[in-house]
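# Overview (structure and organization)
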Amino acid sequence: MIELIGVHKAFGRNRVLQGVDLTIPGGQSMVIIGGSGTGKSVLLKCILGLVRHDTGKILLNGQDVTKADRDPFLARFGMLFQGGALFDSLRVWENVAFRLMHGALKRPKTEAREIAIEKLRRVGLAPEVADLYPAELSGGMQKRVGLARAIAASPEIIFFDEPTTGLDPIMAGVINELIREIVTEMGATAMTITHDMTSVRAIADRVAMLHGGLIRWTGTVAEMDTTPDPYVQQFIHGRAEGPIPSVR
Ligand SMILES: Nc1ncnc2c1ncn2[C@@H]1O[C@H](COP(=O)(O)OP(=O)(O)OP(=O)(O)O)[C@@H](O)[C@H]1O
Ligand SMILES: [Mg+2]
């Protein structure tokens, strides 16, 4: 479904991606792990075309994303941004239903609002929240609104950048289950970035570790536990000592 071949991206002298090769099969849940600042969010933005990579190829169903027709291309994706990125001046339900009311999908307002309320329910938010503004919500509630927005238009491919960060353990569990459901029931392809090892175990079919600008390791959750790779072992056990420096 998604294929990256030798993807490079630098910002000035900061060489963030240095030849990333990664294949994400359709209908699977891929989780990307890696230290802070290694380029996980940049990688995601490159796939979405929000950041233009320097060299290499990014293919979606065999089609080069840089040559795709933008609107139909983006209509296939759902995205949860790490920082939430909600529209401050829109009510919660208008944020969630944004794609449904604008662009190709175009649903009537009442129907879009109903879908928004249903998606809010799926992320554990009551209908009363629908008419509030993002500034009136807690951080974890904003995160869940971002998630509801990402899944609102039932996309084929969903990207989640840190979906459980800032959530209490119970709510994180609800979100992990939701991501799993989207993949198993709706047959979507998911790519999730997370530091939360509980989340990795709950949602991943496969795990890939980004380090030093490259995908350093990839495998299943079971393989992750048994791999001798010192980078993976340091990361999953949260050890200060190891090949990954603690000053970055
Ligand atoms: N738009 C940009 N312009 C310049 N540098 C950028 C830009 N976006 C990201 N970077 C740099 O790219 C590197 C990787 O950033 P990125 O946000 O991908 O990290 P990350 O792996 O997602 O980290 P975290 O786990 O903390 O979210 C950092 O050094 C960052 O400063
Ligand atoms: Mg990030």
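For the structure itself, consult the block above.
Residues numbered from 1 in each chain as written. Chains lettered and ligands numbered in written order. Predicted model: local features only at pLDDT ≥ 70, side-chain atom pairs only at ≥ 80, totals over all residues. Heavy atoms only, no water.

A separate point is the sheet that holds strand β8 (residues 189–193). The sheet built from six strands is open, its strands ordered β6-β7-β8-β3-β9-β10 with mixed pairing. For this open sheet the edge positions go to β6 (77–80) and β10 (214–219), each flanked by a neighbour on one side alone. With strand direction ignored, the average angle separating the axes of adjacent strands in the sheet is 15°. Direction of pairing for strand β9 (residues 206–211) relative to β10: antiparallel, over a ladder of five bridges. Pairing of His211 across the sheet is with Leu214, part of β10. Packed onto the sheet, helix α7 (residues 169–186) meets β3 (29–33), β7 (157–161) and β8 and runs at close to 165° relative to β7. Sheet strands touched by helix α10 (residues 230–237): β3, β9 and β10. Its angle to β9, the strand with the most contacts, is close to 105°. (Pairing = 2+ DSSP bridges. Helix = DSSP H or I, 4+ residues; strand = E, 2+ residues; numbered from the N terminus. Axes fitted to C-alpha atoms, helices over the stretch in contact; angles between N-to-C directions. Contact = heavy atoms within 4.5 Å.)

Here we come to empty space enclosed by the protein. Applying the stated rule across the entire model yields one cavity of 30 Å³ or more. Put simply, the largest cavity is a space of about 40 Å³. Every residue along the wall of the largest cavity is listed here: Cys46, Leu48, Gly49, Val51, Arg52, His53, Val65, Thr66, Arg70 and Phe73. For the lining of the largest cavity, a count of residues per class yields five nonpolar, three polar and two charged. (1 Å grid on protein atoms, 1.4 Å probe; cavity = no way out; pocket = protein on both sides within 12 Å on 5 of 7 lines; lining within 4 Å. Points joined across faces, edges and corners; volume = space filled by probe spheres on them. Nonpolar A, V, L, I, M, F, W, Y, C, P; charged D, E, K, R; others polar.)

Next up on the list: the sheet that holds strand β4 (residues 55–60). As summarised here, the arrangement of the four strands in space is β2-β1-β4-β5, forming an open sheet in which the pairing is antiparallel. Two strands close off the open sheet at either side, each with one partner strand: β2 (14–24) and β5 (63–64). The pairing of strand β1 (residues 2–11) with β4 spans five bridges and is antiparallel. Residue pairing across strands places Leu4 opposite Ile58, the latter belonging to β4. With respect to the sheet, helix α1 (residues 40–48) is in contact with β1, β2 and β4, its orientation differing from that of β1 by roughly 115°.

In the vicinity of ligand 1 lie 13 residues, with Ser36, Gly37, Lys40, Ser41 and Gln82 positioned nearest. Between an oxygen atom of ligand 1 and a main-chain N or O atom of Thr38, the distance comes to 3.2 Å. The separation between an oxygen atom of ligand 1 and a polar main-chain atom of Gly39 is 3.0 Å. The protein chains hide 62% of the 640 Å² of surface that ligand 1 would expose on its own. Sorting the residues of the shell around ligand 1 by element identifies β2 and α1 as the ones contributing at least two each. Top element by residues in the shell around ligand 1 is α1. It accounts for three residues. (Near = heavy atom within 4 Å. Polar contact = N/O pair within 3.5 Å; in protein donor to acceptor, adjacent residues only side chain to side chain. Areas by Shrake-Rupley, 256 points an atom, 1.4 Å probe, with all protein chains shown as cover.)

This paragraph deals with the side chain of Arg76. With respect to the helices, strands and loops of the structure, Arg76 is situated in the loop between α2 (70–75) and β6. For Arg76, the side chain forms a polar contact with the side chain of Glu156, separated by 3.0 Å. Setting aside residues up to four positions removed in sequence, Arg76 forms contacts with Leu60, Asn61, Arg99, Pro155, Glu156 and Ile157.

At the metal site, the magnesium ion (ligand 2) is ligated by Ser41 (OG) and Gln82 (OE1), and these contacts range over 2.1 to 2.3 Å. Here the residue Ser41 occupies a position in helix α1, and Gln82 occupies one in the loop between β6 and α3 (92–96), the gap between them amounting to 41 residues. On the basis of relative accessibility, which here comes to 19%, the residue Ser41 falls in the buried class. A relative accessible area of 43% means that Gln82 is categorised as partly exposed. (Donors = N, O, S within 2.8 Å, 3.2 Å for Na, K, Ca; no water. Buried < 20%, exposed > 50% of the residue type's maximum accessible area, 1.4 Å probe, protein only.)

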